[in-house]
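Observations on the three-dimensional arrangement
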Amino acid sequence: MLNMLILKLKLLKDDKIMIIIMTVMALVLTFVFSSSMGGTYKPSVVIVDNDNTELSEVLIKEMKNNNLFSSSVESYDDAKSLIEEGKVIGGVLIKKGFSESIENKEDMNISIFKVKDSMEIYQLENILKGILYKFSTSYNTAKMTADFIEDRGISINREQEIKDVYELSADYWKYKNPMKISSQVIDVTNEGSYDEIIHNLIGFTLFFSTFTIVFVGGDILQEKKQNTWQRKLISPVSKVSIMMSFIIATFIAGFAQTLIIVLIGNYMFGVDWGPDIMVVLILFAAFVFAVTCMGFTIAGIVKTHEQLSSIVPIILVSSAMLGGCMWPLEIITSKPLLFLANLTPHKWALQTIKRTAAFGLDVKQVLTATGVLIFMGIIYLLAGLKLAQRNN
Amino acid sequence: MFLEIKGLKKYFKDVKAVDGIDFNVKEGEIIGLLGPNGAGKSTTISMISTLIKPNSGSIYYNGEDIIKKPKAIQQDLGFVPQEVALYPTLSGLENLKFWGKIYGLKGNKLNQKIEEISEIIGITDRLKHKVEKYSGGMKRRLNIGAALLHEPKIIILDEPTVGIDPQSRNHILNSVKEINKKGSTVIYTTHYMEEAETLCNRICIMDRGKMIASGTKDELLDLINANDRIELKVEKINNSLIQEIEKLDFVSNVKTKDNNIVIEWEGKNGNYSKLMNVLAQEKNKLLSMDVKKPDLEYVFLSLTGRALRD
Ligand SMILES: Nc1ncnc2c1ncn2[C@@H]1O[C@H](COP(=O)(O)OP(=O)(O)OP(=O)(O)O)[C@@H](O)[C@H]1O
Ligand SMILES: [Mg+2]
């Protein structure tokens, strides 16, 4: 058994080109899809500064640092016509007295102008709120610090001190964002593109790993053709261990591929797999198991490697589509399609891995999905064994 | 009895690949299964090797029913399939190691056997190379070697010499003899009657799923009362010539085939001139003459009315 397993692993070198292509394809397509659909689209906004103080300039700097919108400073009239012409989605008006309103902790003299309400305007409002919150808190912290030091009778350059402390405080926030409101806002607005990256990455990982798995598993047909299969069958080793060596080797190839992508996803795309990466890996493993067994069944149905090559893409592409690897199932309304989705291993793996990454599910919370995947695998395995028996 | 086969049948849908055959194999002999393409040789030995199950009949190995208990023969069996069954992307050495391990060899014993066997099959200097780079003859030799490592008590070879150069062929035939001398019983299938004649102690002739005759070469020749034959090619064949030849007392049978006359006779010295005299009397001209000793080809022809090879 071990001997046969080692041999199968050795023979994986024959499939290495395919495995590499499938791994790279998953990554490349994730990259292409994520950058063409999300991420690069930035709505433009204009900023009108009627306050013209040092404080308003700091605020503008903060706005420009935000990378979800591209903003430019215009005069009031220019801004108005830009908005009316629809060249920008809206504007931020820093009214005269903004600086004082911050100093006096009054309502801030700032408003948003827009033609109509939209998702983007809503996002802009949220972001502005977040920035202002952060801005005013940092500014007030800085001022308080300066007051505090002066109260102790230490002479300082007040202006410089406020600036330094402000920057320190803002810097700190840049990484931590401790305030509930702003962090929530940032999360919501970020979700669009981040969600897409992670969905694509998981989807393509699942999709391309199925090719590796089914074709590596399809080597059973190759072995039948080169007669080594028959030669093993008449040897004293049991049929079950011959098949298990195939299944285990296939599983290892498929899992290695997903493992590599999970790690690259982490380092290359900045994907956060949640607090416990093991949970994600368990789900991927259960998926690879289900598909390995599915491949085993397919190899029992078709007779030659050529047949396998022609029917496998059809099966794998359609099940990946149904299972939501190509686009999120949330956009599908057809009941029969959603029902069929439940029959694909892809759906169970994809949704649960995505949720694990987003909400940090633990092992117990993914038990159902893991169970379903393993159950599917066992059903396929039994079917495959039945077919193998019949073929004899 | 070492190996006992009774009433063995295997049908593939409407093809009666093996249609009720009986034969025995004695320990230590080389037994040949001779038959044309599609005779059912491979199907027969596939059943003996436990690869496929017969529709009916029995196979006993050392008294054990191997259809019910395949394990009883598997460890003792070395099977050389008709088609090369090796991993082409691995080296010869890796292949031998793998097949040796499958049969439970390991460590020193394995290495020692690999050394010994690669010597016998003559691939020692190419062991490290990938099998896909081997010539057809070398692949076939390695294919045999892979079945010999575990010192099987019984070795089945399925047409091991088809489509290879004469040198490799001789090498293989010698290897088979050597293995047999070391104590293995050999079942050798072939459609080359020369191979069966020179190699085998006993020969079973198969055709269309049936075992049509079996025995030693001499027994088989006796079976058909085979005489020597002479084949004459003459300018023209006419009835009076045939009649005159039939009158000769040492001639037992005369047949015509195209422009040839096939004569069964007692091929002694004096008889040649008597035959030539007849030709001269009939004013016929001899173009060529071919003397044939009876062989298995002829046995097959007599029993089936067809030639062994197409
Ligand atoms: N798996 C199979 N399915 C259907 N028919 C088969 C199968 N195996 C063999 N046959 C048929 O059974 C008959 C006997 O085949 P077999 O391979 O035993 O002949 P053979 O004597 O080994 O011939 P050859 O010298 O060509 O190897 C042939 O007619 C063949 O077509
Ligand atoms: Mg054959």
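Structure shown above.
Summary of the structure given here. (Residues numbered from 1 in each chain as written. Chains lettered and ligands numbered in written order. Predicted model: local features only at pLDDT ≥ 70, side-chain atom pairs only at ≥ 80, totals over all residues. Heavy atoms only, no water.)

As for the site of ligand 1
All names here are of chain B. Note the cut-off: Near is defined per residue: the residue qualifies when any heavy atom it owns lies within 4 Å of the molecule or strand. N or O atoms closer than or at 3.5 Å make up a polar contact, with two conditions inside protein: a donor-capable atom paired with an acceptor-capable one, and, for residues adjacent in sequence, both atoms drawn from side chains. Only the protein chains shown count as cover for residues, and all accessible areas are computed by the Shrake-Rupley method using a 1.4 Å probe. A helix here means a DSSP run of H or I that spans at least four residues, while a strand means a run of E at least two residues long, and both kinds are numbered starting from the N terminus. Ten residues, namely Ala, Val, Leu, Ile, Met, Phe, Trp, Tyr, Cys and Pro, are considered nonpolar, four, namely Asp, Glu, Lys and Arg, are considered charged, and the remaining ones, Gly among them, are considered polar.
The immediate surroundings of ligand 1 are formed by 14 residues, with Gly38, Lys41, Ser42, Thr43 and Glu159 found nearest. Contacts to ligand 1 include Gly38, whose backbone N or O atom sits 2.8 Å from an oxygen atom. Taking 630 Å² as the accessible area of ligand 1 by itself, protein coverage stands at 62%. Of all the secondary structure elements, the ones that give two or more residues to the shell around ligand 1 are β2 (15-25) and α1 (41-48). The biggest single contributor to the shell around ligand 1 is α1, with three residues. The residue makeup of the shell around ligand 1, split by class, is five nonpolar, seven polar and two charged.

Looking at the interface of chain B and chain A
By a widespread convention, an interface's size corresponds to the accessible area lost as its parts come together. Selection rule: In this description, contact between two residues means that some pair of their heavy atoms is separated by no more than 4.5 Å. Buried area: the accessible area, evaluated with a 1.4 Å probe, that two parts lose upon being put together, summed over both parts. In what follows, salt bridge is the name for a side-chain nitrogen of Lys or Arg lying within 4 Å of a carboxyl oxygen of Asp or Glu.
Contacts between the two partners involve 25 residues from chain B, matched on the other side by 20 residues from chain A. Roughly 2100 Å² of surface becomes buried between chain B and chain A when both sides are summed, with 62% attributable to carbon and sulfur atoms. Summed over the three residues of chain B that lose the most area to chain A, namely Leu51, Tyr87 and Ile102 of chain B, the buried surface amounts to 28% of that side. The interface formed by chain B and chain A contains one salt bridge. Notably, a salt bridge pairs Glu94 of chain B with Lys10 of chain A, separated by 3.3 Å at the nearest N-O pair. Where chain B touches chain A, the interface holds ten residue pairs in polar contact (both at pLDDT 80 or more). Taken together, the elements giving at least two residues each to the side of chain B that touches chain A come down to α2 (71-74) and α3 (92-102) of chain B. Of all the elements, α3 of chain B adds the most residues to the side of chain B that touches chain A, at five residues. When grouped by side-chain class, the residues that make up the side of chain B that touches chain A number 15 nonpolar, six polar and four charged.

Thoughts on the sheet that holds strand β2 (residues 70-73) of chain A
Residues and elements named next belong to chain A. Test applied: A strand pair is defined by DSSP finding two or more bridges across the two strands. Only the stretch in contact is used when fitting a helix axis, every axis being a line fitted to C-alpha atoms; angles between N-to-C directions are given from 0 to 180 degrees.
Strand order across the open sheet formed by four strands is β2-β1-β3-β4, with mixed pairing between neighbours. Taken across any chain shown, the strands that pair with only one partner, and hence form the sheet edges, are β2 and β4 (110-113). Strand after strand, the sheet turns through a mean of 25° between neighbouring axes, direction not considered. Two strands pair when backbone bridges link them, and strand β1 (residues 44-49) and strand β3 (residues 90-94) are joined in this way by five bridges, in the parallel orientation. Residue pairing in the sheet places Ile47 in a bridge with Val92 of β3. Against the sheet, helix α3 (residues 54-65) contacts β1, β2, β3 and β4, and its axis sits at roughly 150° relative to β2. With respect to the sheet, helix α4 (residues 76-84) is in contact with β1, β3 and β4, its orientation differing from that of β1 by roughly 155°.

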